[in-house]
Amino acid sequence: MRYRHFPTVTLALGVVLLVDVLRVFLPAVITIFGQAASTPAELLGAFAFGWFLLALAAPALIRRVGARPVTLAAAVLLVVARLAVNGQPGGRLQLWLATAGLLAGLVWLAGAAATTDRPVPGLALGLAFGALLHTALDTYRSAFFGDWPAWLAAVAVASLFLAGQARPASAAGPGGVRSWLLAGPALLLAGMVALSPAVARTATSYQFGLLRSDPADAVGVATVPLFGAAPLAVAVGGFLLAALASPRRGAWRWLGPVALVAGAVLVALERGELLLPAVLLSAVGLGACLASAGATDGGSRGGTDDTGAPGPDDGGQDLAQGGGQDPARAAGRRGYAAVAGMLVFAVAAVAYYAAYDLGHPNAGVPVAVAVLVAAVALATRPAPARGPARAGGGAGRAAPGPLRPSLPPVWAAASAAVLTLLAAVASDELLSASNRDGPPETVRVVAYNVRMGFGMHGRFDPDALARAAAGADVVALSEVDRGWLLNGGHDTLDLLAERLDMPYVFAPAADPLWGDAVLSRWPLDAARTRPLPAVGAPTGAQALGITVDFSEGVRLAVVATHLQPPPGEDPVVQARAVADFAVRYAAGRPLVVAGDLNTEPGDPAFAEFTRAGLVDALAAARPLPTSPADAPRQQIDHVFVTPDLTAGEAAAPPGTASDHLPVAVTLTLPRG
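What you see as residue numbers is a count from 1 along each chain, following the sequence as written. With the structure being a predicted model, the display of local features is reserved for residues of pLDDT at least 70 and the display and counting of side-chain atom pairs for 80 or more, all residues being used for whole-chain, interface and lining totals. Values reported for side chains reflect all heavy atoms of the structure, with hydrogen atoms and water molecules removed beforehand.

K.L.:
Help me understand the sheet that holds strand 12 (residues 646-651) in this model?
P.N.:
Picture the strands of a sheet paired through backbone hydrogen bonds; they go either parallel or antiparallel. The criterion for strand pairing is that DSSP finds at least two bridges linking the strands in question. Secondary structure elements are defined from DSSP: runs of H or I of at least 4 residues count as helices, runs of E of at least 2 residues count as strands, and each element is numbered from the N terminus. Taken in spatial order, the seven strands line up as 1-4-5-3-2-13-12 in an open sheet, and their pairing is mixed. Looking at the sheet topology across the chains shown, the edges are occupied by strand 1 (222-223) and strand 12. Bridge count between strand 4 (residues 504-511) and strand 5 (residues 514-520): six bridges; the pairing is antiparallel. Paired with Ala507 across the strands is Asp516, a residue of strand 5.

Written as structure tokens, this is what we have:
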């Protein structure tokens with residue numbers, strides 16, 4: 001590594017660590033502080049936002065104590081917290097370790113801002129490297145988790161980061177305020193859509209799913225893709241190329257902001273088939289906006305590039321950027337800008353995801369953040385390009401202009417794209433179903449609300465989920481998350497499907513990344529989905545119909561759903577809609593309706609299924625409480641079948657891999 005690139009790489013590694021901490025902190029707020037959804041959403045938001053607000057004290061602390069000791073101490077605490085959190089099996093200690101790491105990361109960010117007046121190369125490289133790492137680890141295992149080789153790599157990364165922090169920083173000029181202001185919004189947009197491997201895989205599964213037999217049937221559902229995260233390579237390469245290259249001028253400078261806002265609008269439309277163009281547009285647009293915002297950064301140091309290495313004389317650019325500004329005051333402005341940007345991150349994230357508990361519209365949140373980023377980018381006027389001195393301008397003096405890139409844009413973008421593509425191919429597994437020596441006599445069906453993969457103690461553990469569903473032939477899943485930043489950006493469905501070696505069909509409910517799914521050891525066919533009436537509930541609901549083909553004309557209709565009534569009400573209207581849809585979808589074939597129905601035996605909604613001619617497949621084993629998992633009291637997860645299916649061996653295996661227990665039943669298929 002060239003010595004002048006060291007500060008850029010150090011900043012990039014710090015961004016990766018901060019993002020990694022956020023991926024633990026955000027879901028910990030929901031699943032640990034939130035106490036299994038019993039805590040009001042307003043209190044959750046206040047708890048999360050309060051730590052970002054507390055970081056506003058960091059610039060004042062830096063001014064009083066000094067940037068170097070504060071930044072170095074915060075960097076050490078960030079590394080220690082990030083390493084320590086991996087040894088925790090969830091619980092309160094994990095929450096507080098993640099909180100300490102977040103606060104340390106925010107203080108470190110303010111310190112880095114105080115000493116860095118051209119952060120765009122480091123920020124862009126950090127976001128791209130984080131996306132590459134998350135892809136290589138299949139959106140799940142962080143670089144700081146696993147056996148001794150992973151820990152050895154962790155120590156190496158941490159040592160490199162701390163070594164960079166220990167190196168004395170070069171003098172910084174007054175620039176960089178706008179670039180640092182965009183750090184938080186850029187992190188949000190990158191994690192929500194632009195550079196998320198889980199979102200890229202989900203987008204590909206809507207566009208290029210391998211199980212789809214009839215596009216007319218499968219509208220609105222996603223199936224297993226081939227090398228699903230591969231489009232992220234294009235997104236990462238385009239993002240880095242746009243962020244590191246010289247910004248566009250004239251009318252061309254509108255291209256990046258327009259692309260970013262267009263990508264956010266596609267996200268706001270909440271349609272799965274629009275996710276892939278949303279990823280690509282927002283990635284390139286975000287990179288271009290960062291480049292524009294940093295177009296005049298670092299130009300006031302008179303002969304240094306963005307890393308502090310000697311560079312061309314900047315001439316009159318010092319005056320244009322306010323070169324006479326007090327360095328301490330400039331450092332404080334950058335520190336406050338960095339923290340303010342992270343406050344935007346916190347407010348937007350809370351506003352977007354709290355909507356699924358509070359019921360307010362949230363589609364405009366990513367659009368509003370994209371518009372903010374675009375406005376800051378367009379408000380920055382790039383300095384004129386360097387060129388020969390004009391007559392009378394002084395011998396050998398170049399015209400003022402933007403500094404040269406610290407990293408070769410084409411080389412960096414191409415390398416990142418190739419590495420991301422290799423990571424996507426290596427981490428993905430091809431899931432395929434085939435008939436197993438003719439139709440079986442019995443089928444084991446499991447219905448499981450997986451709570452986005454988080455157990456009762458707040459730990460994300462797809463291995464435990466797979467163990468809970470072991471032995472199943474068909475699995476109906478509820479509360480499936482495929483890339484929400486709030487939950488760490490994991491593709492829970494793909495992770496579980498790989499562990500069970502079952503292909504899947506996914507249907508969106510709240511948005512294209514959250515819904516219900518069916519997995520099967522036999523081929524799946526004729527997928528259909530129906531949105532259910534909201535009846536005042538804040539979270540959307542749907543019914544997914546899919547046909548399991550056992551060969552030789554033996555077929556089983558399966559409908560997976562998760563009823564979402566308003567708090568304290570019975571989901572009668574939704575139950576009636578599901579029962580009607582299921583009977584019509586089955587069209588006389590054997591039928592299974594399974595999922596978290598949020599109703600108990602004897603309730604009116606429960607009666608809607610029996611009124612439709614379905615039978616409670618778990619009746620022989622009742623009472624069979626399934627929620628909450630650590631002390632089950634409510635019987636709200638159910639399997640209903642048509643009378644031609646004989647049910648037996650019903651059970652609710654104990655465990656805390658989710659806040660619900662799975663329900664399992666063996667069905668004997670009719671002959672002839």
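Continuing now.
K.L.:
What am I meant to see in a nonpolar patch on the surface here?
P.N.:
Candidate patch residues must exceed 30% relative accessible area and have no salt bridge, after which like charges are joined if within 9 Å and Val, Leu, Ile, Met, Phe, Trp or Tyr side chains if within 5 Å. Accessible surface area values rest on a Shrake-Rupley calculation with a 1.4 Å probe, where residue burial reflects the displayed protein chains alone. Put simply, a salt bridge is a Lys or Arg side-chain nitrogen that is within 4 Å of an Asp or Glu carboxyl oxygen. Side chains of Leu210, Leu226, Phe227, Leu421, Val425 and Leu430 sit close together on the surface and give an oily, nonpolar patch of about 510 Å² of accessible area. Along the chain, Leu226 turns up in the loop between strand 1 and helix 11 (231-244).

K.L.:
Please clarify how the sheet that holds strand 8 (residues 555-562) should be interpreted in this entry.
P.N.:
Pairing is mixed across the open sheet formed by six strands, whose spatial order is 6-7-8-9-11-10. Taken across any chain shown, the strands that pair with only one partner, and hence form the sheet edges, are strand 6 (524-531) and strand 10 (615-616). Bridge count between strand 7 (residues 542-549) and strand 8: seven bridges; the pairing is antiparallel. Across the sheet, Thr547 pairs through a bridge with Ala557, a residue of strand 8.

K.L.:
Just to check I follow, could you spell out the nonpolar core for this structure?
P.N.:
Among the buried residues, those of types Ala, Val, Leu, Ile, Met, Phe, Trp, Tyr and Cys that are joined through side-chain atoms within 4.5 Å form a nonpolar core. With a 1.4 Å probe rolled over the protein chains alone, any residue whose accessible area is under 20% of its type maximum counts as buried; one over 50% counts as exposed, and the rest are partly exposed. One finds Phe52, Trp180, Phe239 and Leu477 to be the most contacted residues of the largest nonpolar core, which totals 148 residues. For this core, the element with the most residues is helix 1 (residues 6-33), which contributes 16 residues. Contacts were defined at the residue level, with two residues in contact if any of their heavy atoms lie within 4.5 Å. Other than its neighbours up to four places away in sequence, Trp180 contacts Leu11, Leu109, Ala112, Ala113, Thr116, Pro119, Leu123, Arg334, Ala337 and Ala338.

K.L.:
Got a minute to help me understand the packing of helix 12 (residues 255-268) against helix 13 (residues 275-293) in this structure?
P.N.:
Pairs of packed helices are described in terms of their axes, by the angle between the two and the distance that separates them. Axis definition: a line fitted to C-alpha atoms, limited for helices to the stretch in contact. Angles are taken between N-to-C directions and run from 0 to 180 degrees. It is the contact of helix 12 with helix 13, at a shortest axis distance of 7 Å, that shows an interaxial angle of 145°. Judged by the sense of rotation from one axis to the other, the crossing of helix 12 with helix 13 is left-handed. Every residue of helix 13 that contacts helix 12 at Gly256, Pro257, Ala259, Leu260, Ala262, Gly263, Leu266 and Val267 is listed here: Pro277, Ala278, Leu281, Ser282, Gly285, Leu286, Ala288 and Cys289. Helix crossings get a hand from a simple test, with the near helix turned counterclockwise from the far one by less than a right angle marking a left-handed crossing and a clockwise turn marking a right-handed one.

K.L.:
How should I be thinking about helix 3 (residues 58-65) in this particular structure?
P.N.:
Three or more residues of helix 3 are buried, namely Ala58, Pro59 and Ile62. All buried residues of helix 3 project into a common sector of 100° when viewed along the axis, lining one side. Facing away from the buried surface of helix 3 by more than 90 degrees, the exposed residues are Arg63 and Arg64. Lining the buried residues of helix 3 we find helix 4 (67-85), helix 5 (91-115) and helix 15 (327-358). Note on helix 3: the residue one or two positions beyond its end, Gly66, has a positive phi of about 115°. Here the arc refers to the set of directions running from the helix axis out to each C-beta atom.

K.L.:
For this particular structure, what's the right way to read the packing of aromatic side chains?
P.N.:
Think of a pair of aromatic rings as described by two things: how far the centres are apart, and how the planes are tilted against each other in angle. When the centres of two rings from Phe, Tyr and Trp lie within 6.5 Å, Trp using its six-membered ring, the rings pair. Their planes under 30 degrees apart give stacked, over 60 give edge-to-face, and anything left gives tilted. Throughout the structure, instances matching the rule amount to 17 aromatic pairs. Ring geometry for Tyr352 and Tyr353: centres 4.9 Å apart, planes at 90°, overall edge-to-face. The exposure classification of Tyr352 matches that of Tyr353, with both residues buried. Here the aromatic rings of Phe609 and Phe640 are separated by 4.9 Å at their centres, their planes lie at 15°, and the arrangement is stacked.

K.L.:
Where do I start with the pattern of salt bridges in this structure?
P.N.:
Working definition: two side chains of opposite charge can pair if their charged atoms are close together. Under the criterion given, the structure shown has 17 salt bridges. Close ionic contact of Asp491 with Arg201 constitutes a salt bridge, the shortest N to O distance being 3.6 Å. Separated by 290 residues along the polypeptide, Asp491 in the loop between strand 3 (474-481) and helix 19 (492-500) and Arg201 in helix 10 (residues 197-207) bring together distant segments of the chain. Judged on exposure class, the residue Asp491 and its partner Arg201 are both buried. Each of the salt bridges in this network shares a partner with another, and the network as a whole consists of Asp138, Arg201, Asp428, Arg482, Asp491 and Asp494.

K.L.:
Would you explain the packing of helix 9 (residues 183-194) against helix 16 (residues 364-379) in this entry?
P.N.:
Where helix 9 contacts helix 16, the two axes come as close as 10 Å, and the packing angle between them is 135°. On the basis of their axis angle, the class for helix 9 and helix 16 is oblique. Between helix 9 and helix 16 lies a crossing whose hand is left-handed. Contacts between helix 9 and helix 16 involve Pro185, Leu188, Leu189 and Met192 from the former and Pro366, Val369, Ala370, Leu372 and Val373 from the latter. Only Asp, Glu, Lys and Arg are considered charged, only Ala, Val, Leu, Ile, Met, Phe, Trp, Tyr, Cys and Pro nonpolar, and every remaining residue, Gly among them, polar. Of the residues assigned to the contact of helix 9 with helix 16, the class counts are nine nonpolar, no polar and no charged. Any angle that falls under 35 degrees is termed roughly parallel, while one over 145 is termed roughly antiparallel, one within 65 to 115 roughly perpendicular, and all others oblique.

K.L.:
Looking at this structure, I do not really get helix 13. What am I missing?
P.N.:
Given 3.6 residues to a turn, an α-helix orients residues that are three or four positions apart in the same direction. One less than the residue count of a helix, multiplied by 1.5 Å, gives the span that helix is expected to have. For helix 13, with 19 residues, the first-to-last C-alpha span of 26 Å sits near the 27 Å given by 1.5 Å per residue. Within helix 13, 14 of the 19 residues are buried, which leaves it mostly tucked inside the rest of the structure.

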